[in-house]
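Observations on the model geometry
Each chain, written out:
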Amino acid sequence: MTKPLNHFLDIADHSAAHLRAIVDRARKIKAARAGRPRGWRDPGEPLKGRILAMVFERPSTRTRVSFEVAMKQLGGEAVIITANDTQIGRGETIADTARVLSRYVDAIMIRAAKHSNLMELAQHATVPVINGLTDRTHPCQVLADVLTLEEHKGPLAQQTVAWLGDGNNVAASWVHAVGRLGGRMQLGCPAELSPDPAVMDWARAEKAEVMLTTSPEAAVANASCVITDTWVSMHDTDGARRHNLLKPYQVNAALMNKAAPGAVFMHCLPAHRNEEVTDEVMDGPQSLIFDEAENRLHIQKSILLSCLE
Ligand code: CP
Ligand code: NVA
(Lines give C-alpha, C1' and ligand atoms only; values in the text may rest on other atoms or scores of the structure.)
(Ligands and ions follow the chains in the order given, each with its own letter.)
Protein backbone atom coordinates (compact mmCIF):
# COMPACT_ATOMS: atom_id res chain seq x y z
CA MET A 1 0.00 0.00 0.00
CA THR A 2 1.32 3.49 -0.81
CA LYS A 3 1.86 5.84 2.10
CA PRO A 4 -0.91 8.50 2.40
CA LEU A 5 0.20 12.00 1.41
CA ASN A 6 0.93 14.59 4.08
CA HIS A 7 -1.77 17.02 2.99
CA PHE A 8 -2.64 20.02 5.17
CA LEU A 9 -6.28 20.57 4.28
CA ASP A 10 -7.93 21.37 7.60
CA ILE A 11 -7.09 21.62 11.28
CA ALA A 12 -9.84 19.10 12.04
CA ASP A 13 -7.98 16.42 10.01
CA HIS A 14 -5.02 16.43 12.40
CA SER A 15 -4.38 15.20 15.92
CA ALA A 16 -3.77 17.61 18.78
CA ALA A 17 -0.19 16.26 19.03
CA HIS A 18 0.53 16.96 15.35
CA LEU A 19 -0.91 20.48 15.54
CA ARG A 20 0.98 21.20 18.76
CA ALA A 21 4.20 20.02 17.09
CA ILE A 22 3.58 22.38 14.14
CA VAL A 23 2.98 25.39 16.41
CA ASP A 24 5.94 24.61 18.69
CA ARG A 25 8.30 24.12 15.74
CA ALA A 26 7.14 27.45 14.24
CA ARG A 27 8.03 29.17 17.51
CA LYS A 28 11.57 27.69 17.33
CA ILE A 29 11.94 28.61 13.64
CA LYS A 30 10.91 32.18 14.50
CA ALA A 31 13.33 32.40 17.44
CA ALA A 32 16.26 31.19 15.30
CA ARG A 33 15.58 33.97 12.77
CA ALA A 34 15.38 36.82 15.31
CA GLY A 35 17.60 39.73 14.24
CA ARG A 36 18.74 38.06 10.99
CA PRO A 37 18.42 39.71 7.57
CA ARG A 38 15.39 38.73 5.47
CA GLY A 39 17.60 36.85 3.02
CA TRP A 40 19.11 34.63 5.74
CA ARG A 41 18.41 30.98 4.96
CA ASP A 42 17.09 28.71 7.70
CA PRO A 43 19.87 26.41 8.98
CA GLY A 44 20.50 23.44 6.72
CA GLU A 45 18.10 24.79 4.05
CA PRO A 46 15.82 21.79 4.65
CA LEU A 47 13.74 22.33 1.48
CA LYS A 48 16.71 22.80 -0.88
CA GLY A 49 15.78 21.50 -4.32
CA ARG A 50 12.04 21.43 -3.52
CA ILE A 51 9.44 23.43 -5.43
CA LEU A 52 6.01 24.57 -4.23
CA ALA A 53 3.29 25.51 -6.74
CA MET A 54 0.84 28.11 -5.45
CA VAL A 55 -2.50 28.22 -7.24
CA PHE A 56 -4.60 31.35 -6.71
CA GLU A 57 -8.28 31.31 -7.64
CA ARG A 58 -8.70 34.39 -5.40
CA PRO A 59 -6.43 37.37 -4.65
CA SER A 60 -3.92 37.38 -1.78
CA THR A 61 -1.18 39.50 -0.24
CA ARG A 62 -0.12 37.70 2.95
CA THR A 63 -0.60 34.08 1.86
CA ARG A 64 1.18 34.64 -1.41
CA VAL A 65 4.19 36.53 -0.06
CA SER A 66 4.63 34.54 3.16
CA PHE A 67 4.55 31.15 1.39
CA GLU A 68 6.99 32.32 -1.29
CA VAL A 69 9.40 33.83 1.25
CA ALA A 70 9.04 30.70 3.43
CA MET A 71 10.09 28.47 0.53
CA LYS A 72 13.06 30.74 -0.32
CA GLN A 73 14.28 30.94 3.27
CA LEU A 74 14.01 27.14 3.60
CA GLY A 75 16.19 26.78 0.49
CA GLY A 76 13.39 25.89 -1.96
CA GLU A 77 11.46 27.73 -4.64
CA ALA A 78 7.87 28.66 -5.41
CA VAL A 79 5.94 28.96 -8.65
CA ILE A 80 2.90 31.21 -8.58
CA ILE A 81 -0.09 30.32 -10.73
CA THR A 82 -3.05 32.66 -11.09
CA ALA A 83 -5.99 30.49 -12.13
CA ASN A 84 -7.27 32.96 -14.72
CA ASP A 85 -3.90 32.99 -16.49
CA THR A 86 -3.92 29.21 -16.85
CA GLN A 87 -6.08 26.62 -18.55
CA ILE A 88 -8.09 26.30 -15.31
CA GLY A 89 -9.58 29.64 -16.34
CA ARG A 90 -10.64 28.03 -19.65
CA GLY A 91 -12.25 25.00 -18.04
CA GLU A 92 -9.45 22.42 -17.60
CA THR A 93 -10.51 20.34 -14.63
CA ILE A 94 -8.91 20.69 -11.23
CA ALA A 95 -8.31 16.92 -11.30
CA ASP A 96 -6.25 17.12 -14.51
CA THR A 97 -4.45 20.21 -13.22
CA ALA A 98 -3.56 18.25 -10.06
CA ARG A 99 -2.14 15.36 -12.10
CA VAL A 100 -0.08 17.72 -14.28
CA LEU A 101 1.30 19.89 -11.45
CA SER A 102 2.24 16.71 -9.55
CA ARG A 103 4.68 15.90 -12.39
CA TYR A 104 6.50 19.23 -11.91
CA VAL A 105 6.47 20.22 -8.25
CA ASP A 106 6.87 18.73 -4.77
CA ALA A 107 3.78 20.30 -3.15
CA ILE A 108 0.80 22.44 -4.11
CA MET A 109 -0.78 25.26 -2.10
CA ILE A 110 -4.18 26.40 -3.34
CA ARG A 111 -6.37 29.38 -2.51
CA ALA A 112 -9.59 27.90 -3.79
CA ALA A 113 -12.80 29.59 -4.86
CA LYS A 114 -14.71 26.58 -3.49
CA HIS A 115 -13.78 24.02 -0.83
CA SER A 116 -14.70 21.28 -3.34
CA ASN A 117 -11.85 22.52 -5.60
CA LEU A 118 -9.38 21.98 -2.75
CA MET A 119 -10.74 18.49 -2.16
CA GLU A 120 -10.62 17.61 -5.88
CA LEU A 121 -7.02 18.81 -6.07
CA ALA A 122 -6.05 16.76 -3.00
CA GLN A 123 -7.81 13.68 -4.34
CA HIS A 124 -5.95 13.72 -7.65
CA ALA A 125 -2.55 15.16 -6.70
CA THR A 126 0.29 12.77 -6.00
CA VAL A 127 2.13 15.40 -3.91
CA PRO A 128 1.00 17.09 -0.66
CA VAL A 129 -1.68 19.79 -0.95
CA ILE A 130 -2.03 22.75 1.43
CA ASN A 131 -5.22 24.77 1.98
CA GLY A 132 -4.41 28.48 1.56
CA LEU A 133 -8.08 29.46 2.17
CA THR A 134 -11.37 28.24 0.79
CA ASP A 135 -14.90 29.54 1.20
CA ARG A 136 -15.16 27.22 4.23
CA THR A 137 -11.85 27.28 6.11
CA HIS A 138 -8.47 29.02 6.49
CA PRO A 139 -6.33 26.65 8.57
CA CYS A 140 -2.86 28.21 7.95
CA GLN A 141 -4.20 31.54 9.18
CA VAL A 142 -5.63 30.09 12.36
CA LEU A 143 -2.48 28.16 13.30
CA ALA A 144 -0.60 31.48 12.86
CA ASP A 145 -3.23 33.06 15.12
CA VAL A 146 -2.73 30.34 17.75
CA LEU A 147 1.04 30.95 17.67
CA THR A 148 0.43 34.70 18.06
CA LEU A 149 -2.08 34.39 20.87
CA GLU A 150 0.15 31.97 22.79
CA GLU A 151 3.16 34.33 22.43
CA HIS A 152 1.18 37.07 24.15
CA LYS A 153 -1.23 35.27 26.50
CA GLY A 154 0.10 31.74 27.11
CA PRO A 155 -1.45 28.37 26.23
CA LEU A 156 -4.61 28.39 24.11
CA ALA A 157 -6.14 25.86 26.49
CA GLN A 158 -6.28 28.64 29.12
CA GLN A 159 -7.86 31.28 26.84
CA THR A 160 -11.38 32.42 26.10
CA VAL A 161 -11.52 33.57 22.50
CA ALA A 162 -14.38 35.80 21.32
CA TRP A 163 -15.29 35.82 17.62
CA LEU A 164 -17.39 38.78 16.48
CA GLY A 165 -19.34 39.13 13.25
CA ASP A 166 -19.59 36.72 10.34
CA GLY A 167 -19.36 33.01 11.17
CA ASN A 168 -17.09 32.57 8.14
CA ASN A 169 -14.15 30.48 6.93
CA VAL A 170 -11.70 31.86 9.52
CA ALA A 171 -14.26 31.35 12.31
CA ALA A 172 -14.70 27.72 11.21
CA SER A 173 -10.96 27.04 11.44
CA TRP A 174 -10.93 28.71 14.86
CA VAL A 175 -13.66 26.30 16.02
CA HIS A 176 -11.48 23.45 14.76
CA ALA A 177 -8.45 24.84 16.61
CA VAL A 178 -10.30 25.09 19.92
CA GLY A 179 -11.76 21.61 19.37
CA ARG A 180 -8.28 20.15 18.93
CA LEU A 181 -6.04 22.30 21.15
CA GLY A 182 -8.45 23.36 23.90
CA GLY A 183 -9.63 26.71 25.22
CA ARG A 184 -13.08 28.24 25.02
CA MET A 185 -14.62 30.02 22.05
CA GLN A 186 -17.56 32.42 22.24
CA LEU A 187 -18.99 33.36 18.84
CA GLY A 188 -21.16 36.47 18.60
CA CYS A 189 -22.88 36.33 15.20
CA PRO A 190 -26.24 37.42 13.79
CA ALA A 191 -28.47 34.32 13.45
CA GLU A 192 -28.40 34.67 9.62
CA LEU A 193 -24.58 34.57 9.58
CA SER A 194 -23.91 31.84 12.14
CA PRO A 195 -21.17 29.33 11.31
CA ASP A 196 -22.02 26.42 9.04
CA PRO A 197 -24.18 24.00 11.13
CA ALA A 198 -21.75 21.20 10.18
CA VAL A 199 -18.98 23.10 12.00
CA MET A 200 -21.11 23.52 15.13
CA ASP A 201 -22.11 19.81 14.95
CA TRP A 202 -18.40 18.93 14.73
CA ALA A 203 -17.71 21.07 17.82
CA ARG A 204 -20.50 19.32 19.75
CA ALA A 205 -19.31 15.86 18.69
CA GLU A 206 -15.75 16.73 19.74
CA LYS A 207 -17.04 18.18 23.04
CA ALA A 208 -15.30 21.45 22.17
CA GLU A 209 -16.10 24.35 24.46
CA VAL A 210 -17.80 26.50 21.81
CA MET A 211 -20.69 28.85 22.61
CA LEU A 212 -22.77 30.69 19.99
CA THR A 213 -24.78 33.82 20.81
CA THR A 214 -26.31 36.73 18.91
CA SER A 215 -25.13 39.13 21.64
CA PRO A 216 -21.77 40.89 21.05
CA GLU A 217 -21.54 41.65 24.80
CA ALA A 218 -22.10 37.99 25.79
CA ALA A 219 -19.48 36.93 23.23
CA VAL A 220 -16.74 39.16 24.67
CA ALA A 221 -17.55 38.51 28.36
CA ASN A 222 -14.35 37.26 30.09
CA ALA A 223 -12.59 36.92 26.73
CA SER A 224 -8.78 37.20 26.74
CA CYS A 225 -8.80 37.65 22.96
CA VAL A 226 -11.31 39.34 20.65
CA ILE A 227 -11.23 38.47 16.95
CA THR A 228 -13.15 39.71 13.95
CA ASP A 229 -12.88 39.57 10.17
CA THR A 230 -14.24 41.37 7.14
CA TRP A 231 -18.03 41.49 6.83
CA VAL A 232 -17.87 40.57 3.15
CA SER A 233 -15.55 37.69 2.26
CA MET A 234 -14.14 37.12 -1.21
CA HIS A 235 -16.84 34.59 -2.10
CA ASP A 236 -19.77 36.67 -0.75
CA THR A 237 -22.12 38.47 -3.12
CA ASP A 238 -24.61 40.05 -0.66
CA GLY A 239 -22.53 42.99 0.64
CA ALA A 240 -25.33 45.43 1.50
CA ARG A 241 -27.31 42.82 3.48
CA ARG A 242 -24.19 41.82 5.40
CA HIS A 243 -23.35 45.42 6.31
CA ASN A 244 -26.83 45.86 7.78
CA LEU A 245 -26.72 42.61 9.75
CA LEU A 246 -23.17 43.06 11.02
CA LYS A 247 -23.09 46.72 12.11
CA PRO A 248 -23.91 45.87 15.76
CA TYR A 249 -20.89 43.52 15.85
CA GLN A 250 -18.23 46.18 15.18
CA VAL A 251 -15.21 45.79 17.47
CA ASN A 252 -14.62 49.22 19.01
CA ALA A 253 -13.09 50.51 22.25
CA ALA A 254 -16.44 50.23 24.08
CA LEU A 255 -16.76 46.54 23.18
CA MET A 256 -13.09 45.81 23.97
CA ASN A 257 -13.70 47.32 27.42
CA LYS A 258 -16.30 44.61 28.06
CA ALA A 259 -13.74 41.82 27.47
CA ALA A 260 -11.35 40.64 30.21
CA PRO A 261 -8.78 43.21 31.36
CA GLY A 262 -5.70 43.04 29.10
CA ALA A 263 -7.60 41.31 26.30
CA VAL A 264 -5.83 41.31 22.94
CA PHE A 265 -7.34 41.98 19.52
CA MET A 266 -6.70 39.90 16.39
CA HIS A 267 -7.77 40.14 12.72
CA CYS A 268 -6.39 38.03 9.88
CA LEU A 269 -6.36 41.06 7.54
CA PRO A 270 -7.17 42.58 5.13
CA ALA A 271 -9.39 44.79 7.31
CA HIS A 272 -12.04 47.26 6.28
CA ARG A 273 -11.12 49.94 8.78
CA ASN A 274 -14.01 51.48 10.70
CA GLU A 275 -16.41 48.79 9.48
CA GLU A 276 -15.78 45.54 11.40
CA VAL A 277 -13.15 47.24 13.62
CA THR A 278 -12.28 50.84 14.42
CA ASP A 279 -8.88 52.43 13.77
CA GLU A 280 -8.61 52.96 17.51
CA VAL A 281 -8.64 49.20 18.18
CA MET A 282 -6.62 48.23 15.06
CA ASP A 283 -3.83 50.66 15.98
CA GLY A 284 -4.20 50.47 19.77
CA PRO A 285 -2.00 48.72 22.34
CA GLN A 286 -4.20 45.59 22.43
CA SER A 287 -3.81 44.89 18.70
CA LEU A 288 -1.68 41.94 17.54
CA ILE A 289 -2.55 42.24 13.86
CA PHE A 290 0.94 42.66 12.43
CA ASP A 291 2.42 39.94 14.65
CA GLU A 292 -0.31 37.71 13.23
CA ALA A 293 0.67 38.64 9.69
CA GLU A 294 4.36 37.97 10.44
CA ASN A 295 3.53 34.63 12.02
CA ARG A 296 2.04 33.38 8.76
CA LEU A 297 5.66 33.09 7.58
CA HIS A 298 6.85 31.05 10.56
CA ILE A 299 3.82 28.75 10.81
CA GLN A 300 3.83 28.03 7.08
CA LYS A 301 7.48 27.00 7.23
CA SER A 302 6.51 24.54 9.91
CA ILE A 303 3.51 23.31 7.85
CA LEU A 304 5.68 22.96 4.72
CA LEU A 305 8.24 20.94 6.66
CA SER A 306 5.50 18.68 8.11
CA CYS A 307 4.22 18.05 4.56
CA LEU A 308 7.55 17.64 2.79
CA GLU A 309 10.06 16.09 5.19
N1 CP B 1 -5.04 36.74 5.88
C2 CP B 1 -4.84 36.40 4.60
O3 CP B 1 -4.95 35.26 4.21
O4 CP B 1 -4.48 37.44 3.79
P5 CP B 1 -4.34 37.42 2.21
O6 CP B 1 -5.73 37.34 1.64
O7 CP B 1 -3.66 38.71 1.88
O8 CP B 1 -3.53 36.23 1.80
N1 NVA C 1 -12.88 35.80 5.40
C2 NVA C 1 -11.96 36.45 4.48
C3 NVA C 1 -10.56 36.11 4.84
C4 NVA C 1 -9.52 36.78 3.98
C5 NVA C 1 -8.12 36.37 4.32
C6 NVA C 1 -12.28 36.03 3.05
O7 NVA C 1 -12.54 34.85 2.83
O8 NVA C 1 -12.30 36.89 2.18
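Our focus in this paragraph is the overall build of the protein chain. Secondary structure summary: the protein chain contains twelve helices and nine strands in total. Scaling as 2.2 N^0.38, a compact globule of 309 residues should have a C-alpha radius of gyration of about 19 Å, and the protein chain matches this with 19 Å. With respect to the three principal axes, the spread of C-alpha positions in the protein chain is 55 × 45 × 35 Å. Buried residues in the protein chain amount to 55% of all 309 residues. For the protein chain, the proportion of contacts with a sequence separation of at least 24, taken over those separated by at least 6, is 74%. Carbon together with sulfur atoms contributes 51% to the accessible area of the protein chain, which is approximately 13100 Å² in total.

What follows covers the site of ligand 2. Within the structure, ligand 2 sits among L133, N168, N169, D229, T230, S233, M234 and L269. For ligand 2, a nitrogen atom lies 2.7 Å from a polar atom in the side chain of S233. With respect to ligand 2, the backbone of M234 contributes an N or O atom lying 2.8 Å from an oxygen atom. Across the complex, the protein chains shield 95% of the 270 Å² of accessible surface that ligand 2 would expose by itself.

Read across the sheet, five strands follow the order β7-β6-β5-β8-β9 without closing on themselves; strand pairing throughout is parallel. Two strands lie at the open edges of the sheet, namely β7 (209-213) and β9 (264-267), each paired on one side alone. Recorded for the sheet is a direction-independent mean angle of 20° between the axes of neighbouring strands. Sheet contacts for helix α5 (residues 139-153): β5 (160-164), β8 (225-228) and β9; angle to β9, the most-contacted strand, approximately 165°.

The sheet contact formed by strand β1 (residues 51-56) and strand β2 (residues 77-82) spans six bridges and is parallel. Paired with F56 across the strands is T82, a residue of β2. Since β1 and β2 lie parallel, the crossover through helix α2 (residues 62-73) that links them has a hand, and here it is right-handed.

So, on to the site of ligand 1. The immediate surroundings of ligand 1 are formed by S60, T61, R62, T63, R111, H138, Q141, C268, L269 and R296. The contact in question runs from an oxygen atom of ligand 1 to an N or O atom on the backbone of T61, over 2.7 Å. In isolation ligand 1 has 260 Å² of accessible area, and contact with the protein removes 95% of it. Of the residues in the shell around ligand 1, the class split is two nonpolar, five polar and three charged.

Our focus in this paragraph is the packing of α5 against helix α12 (residues 289-308). Taken N-terminus to C-terminus, the directions of α5 and α12 make an angle of 115°; their axes are 8 Å apart at the nearest point. As α5 packs across α12, the resulting crossing turns out to be right-handed. Between α5 and α12, the residues in contact are C140, Q141, L143, A144, D145, L147, T148, E151 and H152 and D291, E292, N295, R296, H298, I299, Q300 and I303, respectively. In terms of residue class, the contact of α5 with α12 is built from six nonpolar, six polar and five charged.

Turning next to the environment of S215. With respect to the helices and strands, S215 occurs in the loop between β7 and α8 (216-220). Overall, the relative accessible area of 23% leaves S215 in the partly exposed class. Through-space distance from the C-alpha of S215 to that of P248 is 9.0 Å; in sequence the pair is 33 residues apart.

Reading guide: rules and limits
- Residues numbered from 1 in each chain as written.
- Chains lettered and ligands numbered in written order.
- Predicted model: local features only at pLDDT ≥ 70, side-chain atom pairs only at ≥ 80, totals over all residues.
- Heavy atoms only, no water.
- Helix = DSSP H or I, 4+ residues; strand = E, 2+ residues; numbered from the N terminus.
- Rg over C-alpha atoms; globule rule 2.2 N^0.38 Å.
- Buried < 20%, exposed > 50% of the residue type's maximum accessible area, 1.4 Å probe, protein only.
- Contact = heavy atoms within 4.5 Å.
- Areas by Shrake-Rupley, 256 points an atom, 1.4 Å probe, with all protein chains shown as cover.
- Near = heavy atom within 4 Å.
- Polar contact = N/O pair within 3.5 Å; in protein donor to acceptor, adjacent residues only side chain to side chain.
- Pairing = 2+ DSSP bridges.
- Axes fitted to C-alpha atoms, helices over the stretch in contact; angles between N-to-C directions.
- Right-handed = clockwise from strand over helix to strand, strands pointing away.
- Nonpolar A, V, L, I, M, F, W, Y, C, P; charged D, E, K, R; others polar.
- Left-handed = near helix turned anticlockwise from the far one by under 90°.

Nothing here speaks to function; it is all geometry.
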